Amino acid sequence: MARTRALLTETERKWLESDETESGSRRYQVVSEVRNRIEDELTEDVTVLAENHPDLLDELRDVVCENDE
């Protein structure tokens, strides 16, 4: 089965991992795009999971909050 992205595409991962001085404005643009996904789409996804599949929301929290404990 083909892998799908979670939050970042492979290309975005590379841009974010690159040296900030080398990547310039494209890196800044990627940060902005990811921030928008977090604030918009991810927020809506969490709401849908909370209302319709709380077990999946718990799994998401386990992954995202793994190091917060």
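First things first, this report covers the structure right here in the doc. Every chain's residues receive numbers from 1 upward, in the order its sequence appears when written. With pLDDT at 70 or above as the cut-off, local features in this predicted model cover only qualifying residues; side-chain atom pairs require 80 or more to be listed or tallied, and sums for whole chains, interfaces and linings still use all residues. To obtain the side-chain values, all non-hydrogen atoms of the structure were included, while hydrogens and water were left out.

### Comments concerning the pattern of salt bridges
- Salt bridges are counted wherever a side-chain nitrogen of Lys or Arg sits within 4 Å of a carboxyl oxygen of Asp or Glu. Taken as a whole and judged by the stated rule, the model has four salt bridges.
- One salt bridge in this structure joins Glu12 and Arg37, with 2.5 Å as the shortest N-O distance. Of this pair, Glu12 sits in helix α1 (residues 10-17) while Arg37 sits in helix α2 (residues 20-52), placing them 25 residues apart in sequence.
- Exposure classes here rest on a 1.4 Å probe applied to the protein chains alone. A residue is buried below 20% of its type maximum, exposed above 50%, and partly exposed in between. Residue Arg37 is classed as buried on the basis of its relative accessible area of 16%.
- A salt bridge links Glu33 to Arg26; its shortest N-O distance comes to 3.5 Å.
- For Arg26, a relative accessible area of 26% translates into the label partly exposed. Only runs of H or I of at least four residues qualify as helices and only runs of E of at least two qualify as strands under DSSP, and these elements are numbered from the N terminus.

### Some remarks on the environment of His53
- With respect to the helices and strands, His53 occurs in the loop between α2 and α3 (54-64).
- Distance from His53 to Glu66, taken between C-alpha atoms, is 20 Å for residues 13 residues apart in sequence.

### Quick notes on the side chain of Glu12
- The exposure class of Glu12 is buried, given its relative accessible area of 5%.
- Contacts are residue-level and defined by heavy atoms, with any inter-residue pair within 4.5 Å sufficient. When neighbours within four sequence positions are excluded, Glu12 is seen to be in contact with Leu7, Val30, Glu33, Val34 and Arg37.

### Description of the layout of surface pockets
- In this model, the largest pocket occupies a volume close to 310 Å³.
- Any residue with an atom within 4 Å of a point lines the site, the site being either a cavity, points on a 1 Å grid over the protein atoms alone where a 1.4 Å probe fits but cannot get out, or a pocket, an open set with protein on both sides within 12 Å along at least 5 of 7 lines. Taken together, Arg5, Ala6, Leu7, Arg37, Glu41, Leu42, Asp45, Leu60, Arg61, Val64 and Cys65 make up the full set of residues lining the largest pocket.
- Listing elements by their share of the lining of the largest pocket, those giving two or more residues are α2 and α3.
- Here the element with the most residues in the lining of the largest pocket is α2; it accounts for four residues. Grid points are joined across faces, edges and corners, and a volume is the space filled by probe spheres set on the points.

Any functional reading would require information beyond the geometric quantities listed.
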